Amino acid sequence: MIIALSLLAAGFVLLIKGADALVSGSSSLARRYGISNLLIGLTVVAFGTSMPELTVEVFAAFRGSPGIVLGNNLGSNIANIGLVLGLAAVFAPLTVQRTTVWKEIPLALLASALAYIMANDSLLDGRMADFIGRGDGLVLLSFFVIFLYYVVAQAMNGHHVFRHEHDGKMPTDVVETALSTRRSLLTMGLGLLALVLGGNVAVDGAMRAALALGISNRVIGLTIVAIGTSLPELATSIVAVYRKNADIAVGNIVGSNIFNVFFILGTCAVIRQLPASPAVVLDMIVAMAMTGLLFAFMFVGRRHVLERWQGILLVASYAAYVGYLITSA
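Residues numbered from 1 in each chain as written. Predicted model: local features only at pLDDT ≥ 70, side-chain atom pairs only at ≥ 80, totals over all residues. Heavy atoms only, no water.

Student: Describe the overall build of the protein, with residues and values.
Tutor: Along the protein, the regular secondary structure elements total 14 helices and four strands. Looking at the protein as a whole, 52% of its 329 residues are labelled buried. Expressed as a percentage of contacts within the protein between residues at least 6 apart in sequence, the contacts between residues at least 24 apart total 83%. (Helix = DSSP H or I, 4+ residues; strand = E, 2+ residues; numbered from the N terminus. Buried < 20%, exposed > 50% of the residue type's maximum accessible area, 1.4 Å probe, protein only. Contact = heavy atoms within 4.5 Å.)

Below, the structure written as C-alpha coordinates:
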(Lines give C-alpha, C1' and ligand atoms only; values in the text may rest on other atoms or scores of the structure.)
Protein backbone atom coordinates (compact mmCIF):
# COMPACT_ATOMS: atom_id res chain seq x y z
CA MET A 1 0.00 0.00 0.00
CA ILE A 2 2.89 2.41 0.77
CA ILE A 3 4.41 1.73 -2.65
CA ALA A 4 1.01 2.24 -4.31
CA LEU A 5 0.44 5.58 -2.59
CA SER A 6 3.99 6.70 -3.43
CA LEU A 7 3.42 5.90 -7.10
CA LEU A 8 0.14 7.81 -7.02
CA ALA A 9 1.83 10.88 -5.51
CA ALA A 10 4.68 10.76 -8.05
CA GLY A 11 2.20 10.37 -10.89
CA PHE A 12 0.16 13.37 -9.75
CA VAL A 13 3.29 15.55 -9.53
CA LEU A 14 4.29 14.60 -13.08
CA LEU A 15 0.74 15.24 -14.31
CA ILE A 16 0.53 18.71 -12.79
CA LYS A 17 3.97 19.75 -14.02
CA GLY A 18 3.35 18.26 -17.44
CA ALA A 19 -0.04 19.93 -17.76
CA ASP A 20 1.41 23.31 -16.85
CA ALA A 21 4.19 22.94 -19.44
CA LEU A 22 1.80 21.74 -22.15
CA VAL A 23 -0.69 24.57 -21.63
CA SER A 24 2.10 27.16 -21.47
CA GLY A 25 3.84 25.92 -24.62
CA SER A 26 0.69 25.44 -26.66
CA SER A 27 -0.76 28.83 -25.68
CA SER A 28 2.52 30.48 -26.60
CA LEU A 29 2.58 28.75 -29.96
CA ALA A 30 -1.01 29.83 -30.60
CA ARG A 31 -0.21 33.47 -29.81
CA ARG A 32 2.91 33.53 -31.98
CA TYR A 33 1.21 32.16 -35.09
CA GLY A 34 -2.23 33.66 -34.59
CA ILE A 35 -3.90 30.25 -34.14
CA SER A 36 -6.78 30.13 -31.71
CA ASN A 37 -6.29 28.43 -28.35
CA LEU A 38 -9.40 26.36 -29.11
CA LEU A 39 -7.81 24.77 -32.17
CA ILE A 40 -4.60 24.09 -30.26
CA GLY A 41 -6.73 22.45 -27.56
CA LEU A 42 -8.63 20.38 -30.14
CA THR A 43 -5.45 19.04 -31.73
CA VAL A 44 -2.05 19.15 -30.02
CA VAL A 45 -3.31 19.20 -26.43
CA ALA A 46 -6.19 16.76 -27.03
CA PHE A 47 -4.01 14.25 -28.87
CA GLY A 48 -1.20 14.59 -26.36
CA THR A 49 -3.39 14.01 -23.32
CA SER A 50 -4.92 10.98 -25.06
CA MET A 51 -1.56 9.22 -25.31
CA PRO A 52 -2.22 7.09 -22.17
CA GLU A 53 -5.48 5.82 -23.71
CA LEU A 54 -3.72 5.12 -27.00
CA THR A 55 -0.92 3.21 -25.29
CA VAL A 56 -3.21 1.14 -23.05
CA GLU A 57 -5.73 0.27 -25.76
CA VAL A 58 -3.31 -0.55 -28.59
CA PHE A 59 -1.30 -2.87 -26.36
CA ALA A 60 -4.55 -4.43 -25.14
CA ALA A 61 -5.66 -5.02 -28.75
CA PHE A 62 -2.37 -6.68 -29.69
CA ARG A 63 -2.50 -8.85 -26.57
CA GLY A 64 -6.04 -10.00 -27.29
CA SER A 65 -7.86 -8.11 -24.53
CA PRO A 66 -10.73 -6.36 -26.37
CA GLY A 67 -12.64 -5.82 -23.13
CA ILE A 68 -9.93 -3.47 -21.90
CA VAL A 69 -10.01 -1.60 -25.22
CA LEU A 70 -13.74 -0.86 -25.14
CA GLY A 71 -13.93 -0.43 -21.37
CA ASN A 72 -11.07 2.06 -21.24
CA ASN A 73 -12.19 3.93 -24.36
CA LEU A 74 -15.78 4.40 -23.23
CA GLY A 75 -14.88 4.86 -19.57
CA SER A 76 -12.35 7.57 -20.45
CA ASN A 77 -14.86 9.46 -22.60
CA ILE A 78 -17.47 9.33 -19.86
CA ALA A 79 -14.90 10.45 -17.27
CA ASN A 80 -13.69 13.25 -19.55
CA ILE A 81 -17.11 14.91 -19.60
CA GLY A 82 -18.57 13.88 -16.25
CA LEU A 83 -15.48 14.15 -14.08
CA VAL A 84 -12.91 16.31 -15.90
CA LEU A 85 -15.09 18.92 -17.59
CA GLY A 86 -17.48 18.86 -14.63
CA LEU A 87 -14.70 19.63 -12.14
CA ALA A 88 -13.25 22.30 -14.44
CA ALA A 89 -16.65 24.03 -14.53
CA VAL A 90 -16.94 23.79 -10.73
CA PHE A 91 -13.53 25.46 -10.51
CA ALA A 92 -14.68 28.30 -12.80
CA PRO A 93 -17.60 28.71 -15.28
CA LEU A 94 -16.47 27.89 -18.83
CA THR A 95 -17.46 30.06 -21.76
CA VAL A 96 -17.76 27.84 -24.83
CA GLN A 97 -17.24 29.22 -28.32
CA ARG A 98 -20.06 29.08 -30.86
CA THR A 99 -18.10 26.78 -33.21
CA THR A 100 -17.57 24.31 -30.37
CA VAL A 101 -21.29 24.31 -29.50
CA TRP A 102 -22.49 23.78 -33.06
CA LYS A 103 -19.64 21.75 -34.58
CA GLU A 104 -17.18 20.08 -32.20
CA ILE A 105 -19.62 18.90 -29.49
CA PRO A 106 -22.07 17.48 -32.08
CA LEU A 107 -19.09 15.77 -33.74
CA ALA A 108 -18.21 14.15 -30.40
CA LEU A 109 -21.85 13.07 -30.08
CA LEU A 110 -21.71 11.63 -33.61
CA ALA A 111 -18.59 9.65 -32.65
CA SER A 112 -20.40 8.08 -29.67
CA ALA A 113 -23.49 7.36 -31.77
CA LEU A 114 -21.42 5.71 -34.51
CA ALA A 115 -19.70 3.44 -32.00
CA TYR A 116 -23.11 2.47 -30.59
CA ILE A 117 -24.52 1.69 -34.04
CA MET A 118 -21.45 -0.34 -35.03
CA ALA A 119 -21.64 -2.39 -31.83
CA ASN A 120 -25.32 -3.36 -32.29
CA ASP A 121 -25.14 -5.89 -35.12
CA SER A 122 -27.73 -8.19 -33.54
CA LEU A 123 -30.23 -5.35 -33.16
CA LEU A 124 -29.73 -3.79 -36.59
CA ASP A 125 -28.70 -6.75 -38.79
CA GLY A 126 -30.01 -9.73 -36.85
CA ARG A 127 -26.54 -11.22 -36.36
CA MET A 128 -25.78 -13.67 -33.59
CA ALA A 129 -23.00 -11.58 -32.04
CA ASP A 130 -22.21 -7.90 -31.55
CA PHE A 131 -18.77 -6.59 -32.40
CA ILE A 132 -16.86 -3.67 -33.90
CA GLY A 133 -14.98 -5.19 -36.85
CA ARG A 134 -12.12 -4.11 -39.09
CA GLY A 135 -14.48 -2.51 -41.59
CA ASP A 136 -16.00 -0.44 -38.77
CA GLY A 137 -12.50 0.56 -37.71
CA LEU A 138 -11.69 1.81 -41.21
CA VAL A 139 -14.90 3.87 -41.21
CA LEU A 140 -13.94 5.44 -37.86
CA LEU A 141 -10.45 6.25 -39.17
CA SER A 142 -12.03 7.85 -42.25
CA PHE A 143 -14.05 10.12 -39.98
CA PHE A 144 -10.84 10.98 -38.15
CA VAL A 145 -9.27 12.11 -41.45
CA ILE A 146 -12.34 14.29 -42.09
CA PHE A 147 -11.99 15.76 -38.59
CA LEU A 148 -8.31 16.59 -39.23
CA TYR A 149 -9.26 18.25 -42.53
CA TYR A 150 -11.85 20.34 -40.69
CA VAL A 151 -9.34 21.37 -38.01
CA VAL A 152 -6.68 22.35 -40.57
CA ALA A 153 -9.25 24.39 -42.54
CA GLN A 154 -10.34 26.14 -39.34
CA ALA A 155 -6.73 26.85 -38.41
CA MET A 156 -5.98 28.35 -41.82
CA ASN A 157 -9.12 30.50 -41.74
CA GLY A 158 -8.45 31.65 -38.18
CA HIS A 159 -4.83 32.40 -38.97
CA HIS A 160 -5.83 34.52 -42.00
CA VAL A 161 -8.45 36.50 -40.06
CA PHE A 162 -6.11 37.16 -37.15
CA ARG A 163 -3.42 38.67 -39.39
CA HIS A 164 -5.93 40.55 -41.57
CA GLU A 165 -7.31 42.33 -38.52
CA HIS A 166 -3.81 43.62 -37.79
CA ASP A 167 -2.91 44.72 -41.35
CA GLY A 168 -1.17 41.46 -42.13
CA LYS A 169 1.20 41.66 -39.14
CA MET A 170 1.26 39.99 -35.77
CA PRO A 171 0.51 42.41 -32.91
CA THR A 172 3.63 43.49 -31.04
CA ASP A 173 2.29 42.47 -27.62
CA VAL A 174 1.49 38.97 -28.88
CA VAL A 175 4.99 38.43 -30.28
CA GLU A 176 6.65 39.75 -27.15
CA THR A 177 4.64 37.61 -24.75
CA ALA A 178 5.05 34.42 -26.82
CA LEU A 179 7.98 32.05 -26.43
CA SER A 180 10.10 31.26 -29.47
CA THR A 181 8.80 28.47 -31.69
CA ARG A 182 11.62 26.12 -30.69
CA ARG A 183 11.14 26.80 -26.99
CA SER A 184 7.35 26.42 -27.28
CA LEU A 185 7.73 23.05 -29.01
CA LEU A 186 10.33 21.91 -26.46
CA THR A 187 8.06 22.95 -23.58
CA MET A 188 5.12 21.13 -25.15
CA GLY A 189 7.22 18.02 -25.78
CA LEU A 190 8.46 17.90 -22.19
CA GLY A 191 4.91 18.47 -20.98
CA LEU A 192 3.56 15.60 -23.08
CA LEU A 193 6.34 13.32 -21.87
CA ALA A 194 5.59 14.17 -18.24
CA LEU A 195 1.86 13.62 -18.82
CA VAL A 196 2.35 10.19 -20.36
CA LEU A 197 4.80 9.11 -17.65
CA GLY A 198 2.63 10.60 -14.92
CA GLY A 199 -0.48 8.90 -16.27
CA ASN A 200 1.24 5.51 -16.41
CA VAL A 201 2.75 5.83 -12.94
CA ALA A 202 -0.53 7.04 -11.42
CA VAL A 203 -2.51 4.21 -13.04
CA ASP A 204 0.01 1.67 -11.76
CA GLY A 205 -0.26 3.08 -8.24
CA ALA A 206 -4.06 3.20 -8.38
CA MET A 207 -4.29 -0.40 -9.57
CA ARG A 208 -1.93 -1.58 -6.84
CA ALA A 209 -4.02 0.23 -4.22
CA ALA A 210 -7.27 -1.19 -5.62
CA LEU A 211 -5.90 -4.73 -5.62
CA ALA A 212 -4.65 -4.28 -2.06
CA LEU A 213 -8.19 -3.29 -1.09
CA GLY A 214 -9.67 -6.34 -2.82
CA ILE A 215 -11.53 -4.56 -5.65
CA SER A 216 -12.34 -6.80 -8.65
CA ASN A 217 -10.46 -6.56 -11.96
CA ARG A 218 -13.68 -5.66 -13.81
CA VAL A 219 -14.31 -2.64 -11.59
CA ILE A 220 -10.64 -1.66 -11.84
CA GLY A 221 -10.82 -1.69 -15.62
CA LEU A 222 -14.04 0.32 -15.81
CA THR A 223 -13.10 2.85 -13.15
CA ILE A 224 -9.47 3.01 -12.01
CA VAL A 225 -7.88 2.53 -15.44
CA ALA A 226 -10.42 4.77 -17.20
CA ILE A 227 -10.04 7.54 -14.62
CA GLY A 228 -6.27 7.06 -14.55
CA THR A 229 -5.87 7.48 -18.29
CA SER A 230 -8.08 10.59 -18.05
CA LEU A 231 -5.80 12.18 -15.44
CA PRO A 232 -3.79 14.06 -18.11
CA GLU A 233 -7.03 15.64 -19.39
CA LEU A 234 -8.03 16.48 -15.82
CA ALA A 235 -4.70 18.07 -14.95
CA THR A 236 -4.49 19.96 -18.26
CA SER A 237 -8.05 21.29 -18.07
CA ILE A 238 -7.75 22.46 -14.45
CA VAL A 239 -4.44 24.21 -15.17
CA ALA A 240 -5.95 25.76 -18.32
CA VAL A 241 -8.91 27.12 -16.34
CA TYR A 242 -6.54 28.42 -13.65
CA ARG A 243 -4.63 30.24 -16.41
CA LYS A 244 -8.00 31.62 -17.65
CA ASN A 245 -7.71 29.59 -20.87
CA ALA A 246 -11.17 28.02 -21.11
CA ASP A 247 -10.76 27.33 -24.84
CA ILE A 248 -7.93 24.88 -24.20
CA ALA A 249 -9.87 23.28 -21.34
CA VAL A 250 -12.99 22.68 -23.45
CA GLY A 251 -11.11 21.92 -26.67
CA ASN A 252 -8.94 19.44 -24.79
CA ILE A 253 -11.93 17.39 -23.61
CA VAL A 254 -14.02 17.54 -26.78
CA GLY A 255 -10.97 16.87 -28.96
CA SER A 256 -9.87 13.99 -26.75
CA ASN A 257 -13.28 12.31 -26.99
CA ILE A 258 -13.31 12.65 -30.78
CA PHE A 259 -9.73 11.36 -30.96
CA ASN A 260 -10.52 8.45 -28.62
CA VAL A 261 -13.35 7.11 -30.78
CA PHE A 262 -12.33 7.97 -34.33
CA PHE A 263 -8.60 7.29 -34.07
CA ILE A 264 -7.89 5.07 -31.06
CA LEU A 265 -11.00 2.86 -31.26
CA GLY A 266 -10.71 2.79 -35.05
CA THR A 267 -7.06 1.73 -34.87
CA CYS A 268 -7.77 -0.98 -32.29
CA ALA A 269 -10.69 -2.34 -34.35
CA VAL A 270 -8.40 -2.64 -37.38
CA ILE A 271 -5.85 -4.52 -35.24
CA ARG A 272 -8.42 -6.91 -33.75
CA GLN A 273 -12.19 -7.42 -33.87
CA LEU A 274 -13.78 -6.04 -30.69
CA PRO A 275 -16.73 -8.01 -29.24
CA ALA A 276 -19.37 -5.81 -27.58
CA SER A 277 -21.19 -7.28 -24.59
CA PRO A 278 -24.53 -5.90 -23.30
CA ALA A 279 -22.60 -4.12 -20.53
CA VAL A 280 -20.43 -2.38 -23.16
CA VAL A 281 -23.53 -1.29 -25.07
CA LEU A 282 -24.86 0.23 -21.84
CA ASP A 283 -21.58 2.14 -21.44
CA MET A 284 -22.02 3.47 -24.97
CA ILE A 285 -25.49 4.74 -24.07
CA VAL A 286 -24.03 6.48 -21.00
CA ALA A 287 -21.30 8.06 -23.17
CA MET A 288 -23.92 9.39 -25.59
CA ALA A 289 -26.07 10.65 -22.72
CA MET A 290 -23.14 12.52 -21.14
CA THR A 291 -22.26 14.21 -24.44
CA GLY A 292 -25.91 15.01 -25.10
CA LEU A 293 -26.22 16.52 -21.61
CA LEU A 294 -23.19 18.73 -22.29
CA PHE A 295 -24.78 19.93 -25.53
CA ALA A 296 -28.10 20.63 -23.79
CA PHE A 297 -26.35 22.65 -21.06
CA MET A 298 -25.16 25.09 -23.74
CA PHE A 299 -28.76 26.34 -24.00
CA VAL A 300 -29.79 26.17 -20.34
CA GLY A 301 -29.05 29.12 -18.06
CA ARG A 302 -26.34 31.36 -19.51
CA ARG A 303 -26.16 30.55 -23.21
CA HIS A 304 -22.92 28.86 -24.32
CA VAL A 305 -21.57 28.83 -20.76
CA LEU A 306 -21.00 25.72 -18.66
CA GLU A 307 -21.92 27.02 -15.21
CA ARG A 308 -20.85 25.73 -11.79
CA TRP A 309 -24.19 24.08 -11.02
CA GLN A 310 -24.03 22.28 -14.35
CA GLY A 311 -20.51 21.12 -13.55
CA ILE A 312 -21.76 19.80 -10.20
CA LEU A 313 -24.55 17.92 -11.99
CA LEU A 314 -22.03 16.38 -14.42
CA VAL A 315 -19.81 15.24 -11.55
CA ALA A 316 -22.85 13.86 -9.68
CA SER A 317 -23.96 11.96 -12.79
CA TYR A 318 -20.51 10.46 -13.14
CA ALA A 319 -20.45 9.50 -9.46
CA ALA A 320 -23.82 7.77 -9.91
CA TYR A 321 -22.45 5.87 -12.91
CA VAL A 322 -19.37 4.71 -10.99
CA GLY A 323 -21.59 3.77 -8.03
CA TYR A 324 -23.71 1.63 -10.33
CA LEU A 325 -20.60 -0.11 -11.71
CA ILE A 326 -19.34 -0.92 -8.22
CA THR A 327 -22.66 -2.18 -6.86
CA SER A 328 -23.43 -4.26 -9.96
CA ALA A 329 -19.95 -5.83 -10.20
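Now that the structure is up, let's keep going.
Student: Describe helix H12 (residues 246-271), and please don't skip the residues or the numbers.
Tutor: For H12, which comprises 26 residues, the first-to-last C-alpha distance of 36 Å matches the rise-based estimate of 38 Å (1.5 Å per residue) to within 8%. Here H12 lies mainly inside the structure; 22 of its 26 residues are buried. (Expected span 1.5 Å × (residues − 1).)

Student: Please give an account of the nonpolar core that cites residues and values.
Tutor: Ile 132, Phe 262, Leu 265 and Leu 306 are the most contacted members of the largest nonpolar core, which totals 85 residues. The element best represented in this core is H12, accounting for 13 residues. Not counting residues up to four positions away in its chain, the partners in contact with Phe 262 are Leu 107, Ala 111, Leu 114, Leu 140, Leu 141, Phe 143 and Phe 144. (Core = buried A, V, L, I, M, F, W, Y, C linked by side-chain atoms within 4.5 Å.)

Student: Summarise the packing of helix H4 (residues 66-91) against helix H11 (residues 231-242); cite the residues concerned and give the values.
Tutor: Helices that pack against each other are described as a pair by the angle of their axes relative to one another and the distance between those axes. Between H4 and H11, whose axes approach to 9 Å, the crossing angle comes to 20°. By the angle class used here, H4 and H11 are roughly parallel. Crossing geometry of H4 relative to H11 is assigned as right-handed. Two secondary-structure elements touch here, H4 through Asn 80, Val 84, Leu 87, Ala 88 and Phe 91 and H11 through Glu 233, Leu 234, Ser 237, Ile 238, Val 241 and Tyr 242. Looking at the contact of H4 with H11, its residues break down into eight nonpolar, two polar and one charged. (Axes fitted to C-alpha atoms, helices over the stretch in contact; angles between N-to-C directions. Parallel < 35°, antiparallel > 145°, perpendicular 65-115°, else oblique. Left-handed = near helix turned anticlockwise from the far one by under 90°. Nonpolar A, V, L, I, M, F, W, Y, C, P; charged D, E, K, R; others polar.)

Student: Residue-level account of helix H3 (residues 51-62), with values.
Tutor: The end-to-end C-alpha distance of H3 is 17 Å, a good match for the 16 Å that 12 residues give at a rise of 1.5 Å each. Of all the residues in H3, the buried ones are Pro 52, Glu 53, Leu 54, Glu 57, Val 58, Ala 60 and Ala 61.

Student: So what's going on with unusual backbone geometry? Residues and values would help.
Tutor: Phi is positive for His 304, which is not a glycine, with a value near 60°. As for its position among the elements, His 304 is in the loop between helix H13 (278-297) and strand E4 (305-306).

Student: A description of the environment of Ser 256 should follow, citing residues and the corresponding values.
Tutor: With respect to the secondary-structure elements, Ser 256 resides in helix H12. Remark: the alpha-carbon pair of Ser 256 and Val 44, spanning 212 residues in sequence, is separated by 9.9 Å.

Student: Which residues make up the side chain of Thr 291, and what values go with them?
Tutor: Note that Thr 291 resides in helix H13. Leave out the neighbours within four places in its chain, and Thr 291 touches Ile 81, Ile 105, Ala 108, Leu 109 and Ser 112.

Student: Can you break down the side chain of Asn 120 residue by residue, with the values?
Tutor: Within the secondary structure, Asn 120 sits in the loop between helix H5 (98-118) and helix H6 (121-124). Here Tyr 116 takes part through its backbone oxygen, which lies 2.6 Å from a polar atom of the side chain of Asn 120. When residues no more than four places from it in sequence are discounted, the contact partners of Asn 120 are Asp 130 and Val 281. (Polar contact = N/O pair within 3.5 Å; in protein donor to acceptor, adjacent residues only side chain to side chain.)

Student: Outline the packing of aromatic side chains, supporting the account with residue identities and numerical values.
Tutor: Applying the stated criterion across every chain, the model contains nine aromatic pairs. For the pair Trp 102 and Phe 295, a centre-to-centre distance of 6.0 Å together with 80° between the ring planes defines the contact as edge-to-face. Here the residue Trp 102 occupies a position in helix H5, and Phe 295 occupies one in helix H13, the gap between them amounting to 193 residues. Feature note: the residues Trp 102, Phe 295 and Phe 299 constitute an aromatic cluster, connected by ring pairs. (Phe/Tyr/Trp six-rings, centres within 6.5 Å; stacked < 30°, edge-to-face > 60°.)

Student: Tell me about the environment of Ser 28, and please be specific about residues and values.
Tutor: One can find Ser 28 in helix H1 (residues 2-33). Along the primary structure Ser 28 and Met 188 are separated by 160 residues, whereas in three dimensions their C-alpha atoms are 9.8 Å apart.

Student: Summarise the environment of Ile 117; cite the residues concerned and give the values.
Tutor: Within the element layout of this structure, Ile 117 appears in helix H5. Given a relative accessible area of 46%, Ile 117 falls into the partly exposed group. Considered as a pair, Ile 117 and Ile 132 are 15 residues apart in the sequence and their alpha carbons are 9.4 Å apart.

Student: Before we move on, can you summarise the confidence of the model for the protein with the specific residues and values?
Tutor: Residues of the protein with pLDDT of at least 70 account for 87%, and the chain-wide mean is 80. Segment residues 159-176 is flagged for pLDDT under 50; beyond a separation of four residues in sequence, or across chains, it makes 19 contacts in the model. (pLDDT = per-residue confidence, 0-100.)

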